[in-house]
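What follows is the residue order along each chain.
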Amino acid sequence: MKAAVLRQVKTPLQIEDVQIGKPGPHEVLIRTVAAGVCHSDLHFFEGSYPYPLPAVLGHESAGVVEQVGSEVRTVKPGDHVITCLSAFCGHCNHCLSGHMSLCVSPDTKRAKTDAPRLTEGDGSMNQFLNLSSFAEYMLIHEHACTAIRKDMPLDRAALIGCSVTTGVGAVIHTSSVRPGETVAVIGCGGVGLAAINGAAIAGAGRIIAVDTQGSKLNLAKEFGATDVVNAKDGDPVKQVIELTKGGVQHSFEAIGLKATAEQAFAMLARGGTANIIGMIPVGTKIELMGADFLGEKRIQGSLMGSNRFPIDMPRFVDFYMAGKLHLDQMIGQRIKLEQVNEAFDELRRGELARSVIMFDA
């Protein structure tokens, strides 16, 4: 099969022929139909987060089940599925306590003594985040995907696999935004727009979008933002505090920078919660004002929206089909696999919310 391979950080992905194995007892072979190009892929491409190479990148995807292993009970051939990088085992302490997104059990991966899922020539090829969706097929654990209704367009379904689950989940699960509360979202890329949309679905009374790109702030209004703040016009913290007369109850940082993480905390009202969704580079430290903790302000991380994806994703599909979740506007362009490096260039420029690779094009 054709796949986009990263062999060295900061060097273009190469389109290569990679071999894929047969499903083991709890594995599923999926024909990839669509894969979003996420900023997280760019972090690994640029080496901000280390990963063993060579590897087939990609983790935001949807497709059709081709084969299943002998013990698979969750999906069947012909099912349309969304994949999720937070594969879960179902029996560890995290899973049994309802925190499936925190599962790190090795049971969802092949043992080192087993044949690798991906190979090239005489050597193995590393699978990226349990998925490797920049490829024509994916071989994954059954608990890394969930079946959805077949009338859902798969290019839009792919976005649910990461950006929507991460952004909407951070709002409704991690921070538990309630109707009428105030929200600020820093960064209006795919994840940030999803957080804005999630806040609107949750009934937030005021949703403030913060970015430096006017085009993205305009897009944020379509996703539910009631106010926009252009950080180029002055200190965004001061602007948010002035708009809300004291700060917001929930903030969401969706970029992954030291400065914006600190801003997310600084723009809180007393008793507010800052949620760091963005991937801050490894080794980076953030600085906070200690006195702010006396106002019961909190800062916390959010991993993949604290999801229960087999439950969440079909519901998000229903939200889209009912017109509540805005995915059409999130797709800036549809491309072929061979254009993946151009999509990374777009991510660096920050002009598009999402590029989606279409494998049937």
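Preceding block: the structure.
Let me begin by describing the structure that accompanies this report. (Residues numbered from 1 in each chain as written. Predicted model: local features only at pLDDT ≥ 70, side-chain atom pairs only at ≥ 80, totals over all residues. Heavy atoms only, no water.)

What follows is about the overall build of the protein. In terms of regular secondary structure, the protein is built from nine helices and 20 strands. Radius of gyration (C-alpha) of the protein: 20 Å, near the 21 Å computed for a compact globule of 361 residues. For the protein, the spread of C-alpha atoms along the principal axes amounts to about 60 × 40 × 40 Å. Of all 361 residues assigned to the protein, the portion counted as buried reaches 54%. In the protein, of all internal contacts separated by at least 6 residues, the share reaching a separation of at least 24 is 72%. In the structure as shown, the protein presents an accessible area of about 15,000 Å², 51% of it carried by carbon and sulfur atoms. Averaged over its 34 positive side-chain charges, the protein has a centre that lies 4 Å from the centre of its 38 negative ones. (Helix = DSSP H or I, 4+ residues; strand = E, 2+ residues; numbered from the N terminus. Rg over C-alpha atoms; globule rule 2.2 N^0.38 Å. Buried < 20%, exposed > 50% of the residue type's maximum accessible area, 1.4 Å probe, protein only. Contact = heavy atoms within 4.5 Å. Areas by Shrake-Rupley, 256 points an atom, 1.4 Å probe, with all protein chains shown as cover. Lys, Arg positive; Asp, Glu negative; His and termini not counted. Charge placed at Lys NZ, Arg CZ, Asp CG, Glu CD.)

The element strand β17 (residues 268-276) is largely enclosed, with a buried count of seven among its nine residues. In this structure, strand β16 (residues 248-253) lies alongside β17, joined through five bridges in parallel fashion. Of the residues in β17, the one forming a bridge with His250 is Thr273. In the classification by handedness, the crossover that spans β16, the intervening helix α7 (residues 258-266) and the parallel β17 is right-handed. Sheet topology places β17 next to strand β18 (residues 298-301); four bridges connect them, and they run parallel. In the sheet register, Ala274 faces β18, and the bridge partner there is Ile299. (Pairing = 2+ DSSP bridges. Right-handed = clockwise from strand over helix to strand, strands pointing away.)

Read across the sheet, four strands follow the order β2-β1-β5-β10 without closing on themselves; strand pairing throughout is mixed. Single-partner strands in this sheet number two, and they are β2 (14-17) and β10 (126-127). Relative to β10, strand β5 (residues 55-56) is paired through two bridges, and the arrangement is parallel. Looking at β10, one finds that Val56 is bridged to Gln127.

Under the defined criterion, the tally for this structure stands at eight aromatic pairs. For the pair Phe88 and Phe309, a centre-to-centre distance of 5.7 Å together with 70 degrees between the ring planes defines the contact as edge-to-face. Taken together, the residues Phe88 in the loop between β7 (80-83) and α2 (93-96) and Phe309 in helix α8 (residues 309-321) connect sequence positions 221 residues apart. Take Phe88 and Phe309: they sit in the same class, and that class is buried. For the ring pair Phe265 and Phe293, a centre distance of 5.2 Å and an interplane angle of 40 degrees mean the geometry is tilted. Of this pair, Phe265 sits in helix α7 while Phe293 sits in the loop between β17 and β18; the two residues are 28 residues apart in sequence, bridging distant segments of the chain. Residue Phe265 is classed as buried on the basis of its relative accessible area, which comes to 1%. You can call Phe293 partly exposed: its relative accessible area is 40%. (Phe/Tyr/Trp six-rings, centres within 6.5 Å; stacked < 30°, edge-to-face > 60°.)

The subject of this paragraph is the nonpolar core. Residues Ile160, Val164, Leu193, Ile196, Leu327 and Met330 are the most contacted members of the largest nonpolar core, which totals 73 residues. With 10 residues, the top contributor of residues to this core is helix α3 (residues 154-174). Setting aside its immediate chain neighbours within four residues, Ile160 contacts Ile82, Met152, Thr165, Met313, Phe316, Val317 and Leu327. Ranked by size, the runner-up nonpolar core spans 27 residues in total, among them Ala3, Ala4, Leu118 and Phe134. (Core = buried A, V, L, I, M, F, W, Y, C linked by side-chain atoms within 4.5 Å.)

Moving on: the side chain of Asn275. Note on placement: Asn275 falls in strand β17. In this structure the side chain of Asn275 is engaged in a polar contact, spanning 3.0 Å, whose partner is the side chain of Ser175. Contact partners of Asn275, with chain neighbours within four places excluded, come to Thr174, Ser175, Ser251, Phe252, Glu253 and Gln300. (Polar contact = N/O pair within 3.5 Å; in protein donor to acceptor, adjacent residues only side chain to side chain.)

Our next topic: the pattern of salt bridges. Counting across every chain of the model gives 22 salt bridges. One salt bridge connects Glu27 with Arg117, and the closest N-O pair in it is separated by 2.9 Å. Pair noted here: Glu27 is in strand β4 (residues 27-37) and Arg117 is in the loop between α2 and β8 (118-120), with a separation of 90 residues, a long-range link. Neither residue differs from the other here; Glu27 and Arg117 are each classed as buried. One salt-bridge network, in which partners are shared between bridges, spans Asp155, Arg156, Asp328 and Arg334. (Salt bridge = Lys/Arg side-chain N within 4 Å of Asp/Glu carboxyl O.)

Considering the arrangement of structural elements, one finds Leu53 in the loop between α1 (39-45) and β5. Spatially, the C-alpha atom of Leu53 lies 22 Å from that of Thr83, the residues being 30 residues apart in sequence. When near neighbours in sequence (up to four residues on either side) are disregarded, Leu53 contacts Leu6, Arg7, Gln8, Val9 and Asn126.

In this sheet, strand β20 (residues 354-358) lies alongside strand β19 (residues 331-335) in parallel orientation, the contact comprising four bridges. Bridged to Ile331 within β20 is Arg354. Of the crossover connections in this fold, the one passing from β19 over helix α9 (residues 340-349) to the parallel β20 is right-handed.

Let us now look at the sheet that holds strand β3 (residues 19-20). Strands sit in the order β3-β8-β9 across an open sheet of three strands; the sheet is antiparallel. Edge strands, defined here as strands with exactly one partner in the open sheet, are β3 and β9 (123-124). By the bridge criterion, two bridges tie β8 to β9 in an arrangement that is antiparallel. Its bridge partner being in β9, Glu120 is matched across the sheet by Gly123.

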